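Listed below, chain by chain, are the residues.
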Amino acid sequence: MTGRNVLQQALGLLGYQNMEELTGQAEILQRGLMAVNQIYSDLHYLTTLRPHQPLADLSEELLLSERAAGDVMPYGVAMLLAQTESDGDNQQLFAELYNRKRSSLSRTDWVRETMPYGRWVE
């Protein structure tokens, strides 16, 4: 999945214009790239310990699971886009949805040692 796919989903969720109508509006696409990169970074560090490389262009592939990229990320991008458009109702709605979906993801690259160790003294 690419950044463009995520941005298009987010715009659809918001009921804004679709990507084909926005191609001449560089400012909106630039804000879209910044929103995609911000949420991409958030989800990347939530799910892995690998170093993160932001997208330089919306046509680049996201290095996230299909669930994170397709099911969680559009809600976060929609939240940020609504905020930049001063659309408070949509921003609040998508913030709540994003946080709920985000909480269902977990980091699976490592396990923390939680067993107690040492000796018992009586």
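The paragraphs below set out a description of the structure included in this document. Because the structure is predicted, anything quoted here is derived from the model rather than measured. (Residues numbered from 1 in each chain as written. Predicted model: local features only at pLDDT ≥ 70, side-chain atom pairs only at ≥ 80, totals over all residues. Heavy atoms only, no water.)

**Observations regarding the packing of helix 3 (residues 26–47) against helix 4 (residues 66–84)**
Quick reminder of the rule: Only the contacting stretch of a helix is used when fitting its axis, a line to C-alpha atoms as for every element, and angles between N-to-C directions run 0 to 180 degrees. In this description a helix means any DSSP run of H or I spanning at least four residues, a strand means any run of E spanning at least two, and both kinds are numbered starting from the N terminus. Any angle from 65 to 115 degrees is called roughly perpendicular, while one under 35 is roughly parallel, one over 145 is roughly antiparallel, and all others are oblique. By definition, turning the near helix anticlockwise from the far helix through less than a right angle yields a left-handed crossing, and turning it clockwise yields a right-handed one. In this description, contact between two residues means that some pair of their heavy atoms is separated by no more than 4.5 Å.
At a minimum axis separation of 9 Å, helix 3 and helix 4 run at an interaxial angle of 130°. What the angle tells us is that helix 3 and helix 4 run oblique. Relative to helix 4, helix 3 is oriented so that their crossing is right-handed. Across the interface between the two elements, Arg31, Gly32, Ala35, Val36, Gln38, Ile39, Tyr40 and Leu43 from helix 3 touch Ala68, Val72, Met73, Gly76, Val77, Met79, Leu80, Leu81 and Thr84 from helix 4.

**Section: the nonpolar core**
Operational definition: Definition of nonpolar core: a set of buried residues of the types Ala, Val, Leu, Ile, Met, Phe, Trp, Tyr and Cys, connected through side-chain atoms within 4.5 Å. Relative accessible area decides the class of each residue, using a 1.4 Å probe on protein chains only: under 20% of the type maximum gives buried, over 50% gives exposed, and in between gives partly exposed.
Counting 31 residues, the largest nonpolar core has Leu7, Val36, Ile39, Leu43, Met73, Val77 and Leu81 as the members making the most contacts within it. Of all the secondary structure elements, the ones that give two or more residues to this core are helix 1 (3–14), helix 3, helix 4 and helix 5 (88–103). Top contributing element to this core by residue count: helix 4, with 11 residues. When residues no more than four places from it in sequence are discounted, the contact partners of Val36 are Gly3, Val6, Leu7, Leu55, Leu58, Met73 and Val77.

**Some remarks on helix 1**
Note the following rule: By this rule the span expected of a helix is its residue count minus one, scaled by 1.5 Å. The directions considered for the arc run from the helix axis to the C-beta atoms.
Taking 1.5 Å per residue, 12 residues should reach 16 Å; helix 1 reaches 17 Å between its end C-alpha atoms and fits that length. Restricting attention to buried positions, one finds in helix 1 the residues Gly3, Val6, Leu7, Ala10, Leu11 and Leu14. Taken around the axis of helix 1, the buried residues stretch over an arc of 135°, which confines them to a single face. Backbone geometry just downstream of helix 1 places Gly15 in the positive-phi region, at approximately 80°.

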